[in-house]
Amino acid sequence: MKLLSVAIPCYNSAAYMKHAIQTLLTGGNDVEIIIVDDGSVDDTAKIADEFAAKYPEIIRAIHQENGGHGEAVNTGLLNAKGLYFKVVDSDDWVNEAALRKVLDKLRELVQDGQSLDLMLANYVYEKPSINKHKIMDYKTALPQDRLFTWNDIMFFKQSQQIIMHAAIYRTKLLKDCGLKLPKHTFYVDNIFVYHPLPYVKTMYYMDVNLYRYFIGREDQSVNEKNMIKRIDQQIYITKIMIDDTDVMLIKNKKLRNYMIKYLCMMMTVSSVFLIKENTEESLAKKQELWDYLENANKKLFVKIYNRFLGRSMNLPGKAGRKIVEVGYKISRKIYGFS
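Residues numbered from 1 in each chain as written. Predicted model: local features only at pLDDT ≥ 70, side-chain atom pairs only at ≥ 80, totals over all residues. Heavy atoms only, no water.

S.K.: Honestly, the packing of helix α8 (residues 231-244) against helix α10 (residues 280-296) in this entry has me stumped. Any pointers?
M.R.: Here α8 crosses α10 at 10°, and the two axes come no closer than 10 Å. Relative to α10, α8 is oriented roughly parallel. Between α8 and α10, the contacting residues are D232, I235, T238, K239, I242 and D243 on the first element and K285, E288, L289, Y292, L293 and A296 on the second. When grouped by side-chain class, the residues that make up the contact of α8 with α10 number six nonpolar, one polar and five charged. (Axes fitted to C-alpha atoms, helices over the stretch in contact; angles between N-to-C directions. Helix = DSSP H or I, 4+ residues; strand = E, 2+ residues; numbered from the N terminus. Parallel < 35°, antiparallel > 145°, perpendicular 65-115°, else oblique. Contact = heavy atoms within 4.5 Å. Nonpolar A, V, L, I, M, F, W, Y, C, P; charged D, E, K, R; others polar.)

Laid out in structure tokens, this is it:
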């Protein structure tokens with residue numbers, strides 16, 4: 001059995017997918033690379049097949065009708081045979097030295113009979129166009145180099161959300177918890193991380209810069225203009241997450257608080273871009289989203305609304321909206337996220 005399955009969702013990725021694949025190949029036979037060609041019309045399928053033919057013990061190429069990023073992840077998970085599962089987007093890559101360290105630790109834990117549900121490592125915002133990168137770590141939030149539980153976690157800063165790029169889940173956990181991402185929808189990576197959390201009992205954090213998250217293409221989903229253009233999909237994903245789990249019933253206080261914090265972040269992201277759009281329709285959508293949360297779960301609404309970010313997103317009038325926009329610009333400059 002492979003130690004790690006890595007799904008690479010590809011849609012018209014011929015111009016950059018080779019780099020992602022080549023960095024993962026350094027994991028050798030411990031790694032299973034599943035290239036999911038999601039209905040591409042360029043040379044993606046050809047490149048995938050060439051790699052699969054050259055490395056038949058490591059790489060599989062799967063071709064499907066276009067279903068979007070979420071459906072490609074679903075396909076990767078369905079076909080995964082490794083003990084652990086990770087997603088690497090086709091325009092991103094991994095650091096080879098960090099990958100070897102992560103694989104060595106996973107192997108050690110497996111050989112010692114340790115039960116691990118979620119491995120976490122750092123990710124790096126890469127902006128080659130301006131020769132800049134920003135490391136996002138969890139050193140102040142998570143214990144390092146040991147197995148731990150939710151009871152052991154520390155304080156998560158707002159920049160320390162656990163995102164898909166940081167996560168390696170146990171494959172069986174993802175399958176057993178019924179993870180299935182919606183088709184033809186952006187921003188499903190949030191569901192990928194969020195939905196399995198109540199099933200996670202044990203975690204391990206390594207302070208290595210494993211995932212390199214490329215920022216800079218105009219067609220990226222995290223591009224600010226695209227975030228505004230696709231705001232209805234961001235709202236849709238946020239509502240799915242609100243309805244996914246009644247977090248107020250989660251018994252573990254630290255897990256409950258973290259999931260509330262994650263939902264607060266989702267509400268904030270939607271609210272910020274609706275405020276930036278600044279039309280009568282967008283502001284009505286923002287109010288409708290907050291009303292949806294209140295109607296879905298009154299106790300959760302009160303928790304989120306009374307947080308600093310919750311109150312900030314609901315400051316009244318033009319002055320309040322201006323404060324939100326300034327805050328967003330400052331955060332974007334500090335963290336370089338879009």
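S.K.: Sorry, what's going on with the nonpolar core here?
M.R.: Counting 111 residues, the largest nonpolar core has Y169 and F192 as the members making the most contacts within it. Y169 has contacts with Y84, F85, D117, L118, L174, F192, V193, P196, L197 and V200, leaving out every residue within four places of it along the chain. (Core = buried A, V, L, I, M, F, W, Y, C linked by side-chain atoms within 4.5 Å. Buried < 20%, exposed > 50% of the residue type's maximum accessible area, 1.4 Å probe, protein only.)

S.K.: Quick question: what am I supposed to make of the environment of D89 here?
M.R.: Positionally, D89 belongs in the loop between β4 (84-87) and β5 (93-94). In this structure D89 comes out as buried when scored by relative accessible area, which is 15%.

S.K.: How should I be thinking about the environment of F156 in this particular structure?
M.R.: In this structure, F156 sits in the loop between β8 (147-148) and β9 (167-170). Residue class for F156 comes out buried when judged on its relative accessible area of 4%. Counting along the chain gives 14 residues from F156 to L142, while the straight-line C-alpha distance between them is 8.3 Å. The residues contacting F156, other than those within four sequence positions of it, are Y138, A141, L142, I162, Y258 and K261.

S.K.: For this particular structure, what's the right way to read the pairing of strand β3 (residues 59-64)?
M.R.: Successive side chains on a regular strand alternate, one facing one side of the sheet and the next facing the other. Sheet topology note: the strand β2 (residues 31-38)/β3 ladder contains six bridges and is parallel. Residue pairing for β3: I33 is matched across the bridge by I59. Taking the sense of rotation as the criterion, the β-α-β connection linking β2, helix α2 (residues 44-54) and β3 turns out right-handed. (Pairing = 2+ DSSP bridges. Right-handed = clockwise from strand over helix to strand, strands pointing away.)

S.K.: Explanation requested: the pattern of salt bridges in the structure shown.
M.R.: Opposite charge on two side chains permits them to pair, given that their charged atoms come into close proximity. Taken as a whole and judged by the stated rule, the model has twelve salt bridges. Salt-bridge contacts for E281 lead to K285; the nearest nitrogen and oxygen are separated by 3.6 Å. Taken together, the residues span about one helical turn, with E281 and K285 both in helix α10 at a distance of four residues. For the salt bridge of E294 with K298, the shortest nitrogen-to-oxygen distance reads 2.6 Å. Using a relative accessible area of 25% as the deciding quantity, one classes E294 as partly exposed. Residue K298 is classed as partly exposed on the basis of its relative accessible area, which comes to 48%. Taken together, the shared-partner salt bridges connect D30, D104 and R107 into one network. (Salt bridge = Lys/Arg side-chain N within 4 Å of Asp/Glu carboxyl O.)

S.K.: What is the right way to read unusual backbone geometry from this model?
M.R.: The phi angle of most residues is negative, glycine excepted, and most peptide bonds adopt the trans form. Positive phi values are uncommon outside glycine, yet N12 reaches one of about 50°. Here N12 is to be found in the loop between β1 (4-10) and α1 (17-25). Accessibility expressed as a relative area gives 26% for N12, which makes it partly exposed.

S.K.: So what exactly am I meant to see when it comes to a negative patch on the surface here?
M.R.: Residues D42, D43, D49 and E50 make up a contiguous surface patch of negative charge. Residue D49 is classed as partly exposed on the basis of its relative accessible area of 38%. (Patch = residues over 30% accessible without salt bridge, like charges linked within 9 Å, V, L, I, M, F, W, Y side chains within 5 Å. Areas by Shrake-Rupley, 256 points an atom, 1.4 Å probe, with all protein chains shown as cover. Lys, Arg positive; Asp, Glu negative; His and termini not counted. Charge placed at Lys NZ, Arg CZ, Asp CG, Glu CD.)

S.K.: Whenever I open this one, the packing of α10 against helix α11 (residues 298-305) confuses me. Can you help?
M.R.: Interaxial distance between α10 and α11 falls to 5 Å at its minimum, and their mutual angle equals 130°. In terms of orientation, α10 lies oblique with respect to α11. Side by side, α10 and α11 meet where W290, L293, E294 and A296 of the first sit next to K298, L300, F301, I304 and Y305 of the second. When grouped by side-chain class, the residues that make up the contact of α10 with α11 number seven nonpolar, no polar and two charged.

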